[in-house]
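Chain and residue survey
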Amino acid sequence: MELKPFLQGFALVAIILTLAPFIAADYWWIRIFDFPHTQLTILTLVALLVYFFRFNLKAAEDYILVGVLGACLTFQVVRILPYLPHGNVEMKETNSGTTAPSVKFYIANVLQTNENYDKIKAEIAKEDADVLLFMETDSKWMNKLRPAVKDYKYRAEEPLDNTYGMLLYSRLPLKDPKIKYLVDDSIPSIHTIIQLRDGKEFKLYAIHPTPPMPQHNPSSTDRDAEMMLVAKEVRNREIPVIVAGDFNDVAWSESTSMFKKISELLDPRVGRGFYNTFNAKNPLMRWPLDHFFASDEFRLKSITLGEEIGSDHFPAVFEISLEPEGAGQQEQEDASGEDLEDANKQIREARKDNSQEAKKKT
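Residues numbered from 1 in each chain as written. Predicted model: local features only at pLDDT ≥ 70, side-chain atom pairs only at ≥ 80, totals over all residues. Heavy atoms only, no water.

Turning to the sheet that holds strand 5 (residues 174-180), a few remarks are in order. The strand order 5-6-7-8-9 describes an open sheet built from five strands, whose pairing is mixed. Taken across any chain shown, the strands that pair with only one partner, and hence form the sheet edges, are strand 5 and strand 9 (290-294). Between one strand and the next, the sheet's axes are offset by a mean angle of 10°, whatever the strand orientation. (Pairing = 2+ DSSP bridges. Helix = DSSP H or I, 4+ residues; strand = E, 2+ residues; numbered from the N terminus. Axes fitted to C-alpha atoms, helices over the stretch in contact; angles between N-to-C directions.)

This is the structure:
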């Protein structure tokens, strides 16, 4: 195959993939194009450079193709730009010399079929976190982890064999922990208040909605609705809030961006890097699926990826401090009335779909 026709064909594919997420539909085969955005950006850049320097631009179609590819590249870069390590951070660093209480989180999607229990036990001991959140955990995983979490007095456990089980362990007191099924009666989330060592409190929402994949859910409706339900509740918060978990969505998607605006939470990755947690088994196909959002009363002490644990996800480790006196110094995005209406629409559609499914089962 000649290089020029190949590049022209690739350019057409790149343009289609760039425009696909603009389609107002929640089918998995459209929403899935949100995920490999970084890879698409790199490939588009390579194609543009090769086309520009390898061939003489003479025909009008060449100028049109290069122009459109350039526009696609610009759009792609703008989408991921906030997550490049440029230092213009959204969540500020912990103030030096502060005596504010801190809390360290270790968050991991363990992959239910993974049997490398000893790796995770070693990581638990090494990281010595205050709060542990594990996803894709069934009863076997819960029992295998028991010796490693014996020092974690407080817990909320919902082991399931459908890859959506969730385990939360804490050295800090959990007040009124609840297991909730917000959208789907097989997809749990954990909601609890955590009390810090100085008596201050914050609320934690741990979520793991379904991805838009044919083997899980043919659309992103349920995932987006769960995110919007949590975002709306957080928006009316009375105490500091953290939302964490495997969102099955990338940081730059429309859904996560809307979640962030409606919840008015901060993303510690902005200005610091992608911190790609998935896919741990494929270096070429990685993106940030596991998320950690916090209200503006928090400051960041550290953010790292954990060691490989045999899962298709890398664990993520976050340490933050609660410094409410500096909340006004951190700027948050705000949702428009249209954003709020879109969120309500997504929630209504998910409830309607699940109601119809429940009727079919009966």
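Turning to the packing of helix 1 (residues 3-19) against helix 3 (residues 37-54), a few remarks are in order. Where helix 1 meets helix 3, the axes come as close as 10 Å, and the angle between the chain directions of the two elements is 145°. The way helix 1 lies across helix 3 gives a crossing that is left-handed. The residues of helix 3 that touch helix 1, namely those facing Leu-3, Lys-4, Leu-7, Gln-8, Phe-10, Ala-14, Leu-17 and Thr-18, are Leu-40, Leu-43, Thr-44, Ala-47, Val-50, Tyr-51 and Arg-54. Taken together, the residues of the contact of helix 1 with helix 3 break down into ten nonpolar, three polar and two charged. (Left-handed = near helix turned anticlockwise from the far one by under 90°. Contact = heavy atoms within 4.5 Å. Nonpolar A, V, L, I, M, F, W, Y, C, P; charged D, E, K, R; others polar.)

Now for the pattern of salt bridges. Across all of its chains, the model carries 25 salt bridges by this definition. A salt bridge links Lys-301 to Glu-319; the nearest nitrogen and oxygen atoms lie 4.0 Å apart. Taken together, the positions of Lys-301 in strand 10 (residues 298-305) and Glu-319 in strand 11 (residues 316-322) put the pair 18 residues apart, joining distant regions of the chain. Judged by its relative accessible area of 42%, Lys-301 falls in the partly exposed class. (Salt bridge = Lys/Arg side-chain N within 4 Å of Asp/Glu carboxyl O. Buried < 20%, exposed > 50% of the residue type's maximum accessible area, 1.4 Å probe, protein only.)

So, about the environment of Ala-11. Tracing the backbone shows Ala-11 in helix 1. Linking Ala-11 and Tyr-51, residues 40 residues apart in sequence, is a C-alpha distance of 9.7 Å.

Their axes nearest at 10 Å, the elements helix 1 and helix 4 (residues 60-80) cross at an angle of 40°. One finds that helix 1 runs oblique with respect to helix 4. Where helix 1 crosses over helix 4, the two elements pack in a sense that is left-handed. Contact residues: Lys-4, Gln-8, Ala-11, Ala-14, Ile-15 and Thr-18 in helix 1; Glu-61, Asp-62, Leu-65, Val-68, Leu-69, Cys-72, Phe-75 and Gln-76 in helix 4. Among the residues forming the contact of helix 1 with helix 4, the class breakdown is eight nonpolar, three polar and three charged. (Parallel < 35°, antiparallel > 145°, perpendicular 65-115°, else oblique.)

Once that is clear, we can look at the nonpolar core. Judged by nonpolar contacts, the single largest core of 30 residues is most densely connected at Phe-105, Phe-202, Ile-242, Phe-292 and Ile-320. Ranked by residues supplied to this core, first place goes to strand 11 with four residues. Setting aside its immediate chain neighbours within four residues, Phe-105 contacts Ala-129, Val-131, Phe-202, Leu-204, Ile-242, Phe-292, Ala-316, Val-317, Phe-318 and Ile-320. Counting residues in hydrophobic clusters, the runner-up holds 22 residues, among them Met-227, Val-234, Val-243 and Ile-262. (Core = buried A, V, L, I, M, F, W, Y, C linked by side-chain atoms within 4.5 Å.)

Residues Leu-3, Phe-6, Ile-42, Val-46 and Val-50 make up a contiguous nonpolar surface patch of roughly 410 Å² in combined accessible area. Counting only elements with at least two residues in the nonpolar patch, the list comes to helix 1 and helix 3. Tallying contributions element by element places helix 3 first for the nonpolar patch, with three residues. Here Val-50 is to be found in helix 3. Here Val-50 falls in the partly exposed class, since its relative accessible area comes to 31%. (Patch = residues over 30% accessible without salt bridge, like charges linked within 9 Å, V, L, I, M, F, W, Y side chains within 5 Å. Areas by Shrake-Rupley, 256 points an atom, 1.4 Å probe, with all protein chains shown as cover.)

This next bit is on the packing of aromatic side chains. According to the stated counting rule, one finds 14 aromatic pairs in the structure shown. Aromatic side chains Trp-252 and Phe-274 sit 5.9 Å apart centroid to centroid with 90° between the ring planes, which places their arrangement in the edge-to-face category. Note that Trp-252 is positioned in the loop between strand 8 (241-246) and helix 8 (254-263) and Phe-274 in the loop between helix 8 and strand 9, a separation of 22 residues in sequence. With respect to class, Trp-252 is no different from Phe-274; both count as buried. A network of ring pairs unites the aromatic residues Phe-105, Phe-202, Phe-292, Phe-298 and Phe-318 as a single cluster. (Phe/Tyr/Trp six-rings, centres within 6.5 Å; stacked < 30°, edge-to-face > 60°.)

The next thing to look at is the environment of His-37. Relative to the elements of secondary structure, His-37 occurs in helix 3. In contact with His-37, other than residues within four places in its own chain, are Phe-75, Gln-76, Arg-79, Ile-80 and Trp-252. Among the polar contacts made by the side chain of His-37, one reaches the main-chain carbonyl oxygen of Gln-76 at a distance of 3.0 Å. (Polar contact = N/O pair within 3.5 Å; in protein donor to acceptor, adjacent residues only side chain to side chain.)

So, about the sheet that holds strand 3 (residues 154-158). In spatial order, the strands read 3-4-2-1-11-10; together these six strands make up an open sheet with mixed pairing. Every interior strand has two partners, whereas the edge strands, strand 3 and strand 10, have only one. Pairs of neighbouring strands in the sheet enclose a mean axial angle of 15°, with direction left out of account.

Another aspect to go through is the pairing of strand 9. Burial within strand 9 is extensive, with five of its five residues counted as buried. In strand 9, alternate side chains face the same way, and those of Asp-290, Phe-292 and Ala-294 on one face and His-291 and Phe-293 on the other are all buried. For strand 8 and strand 9, the ladder comprises five bridges, and the chain directions are antiparallel. Following the sheet pairing, Val-243 is matched in strand 9 by Phe-293.

In short, the description is geometric, and any link to function would need to be established separately.
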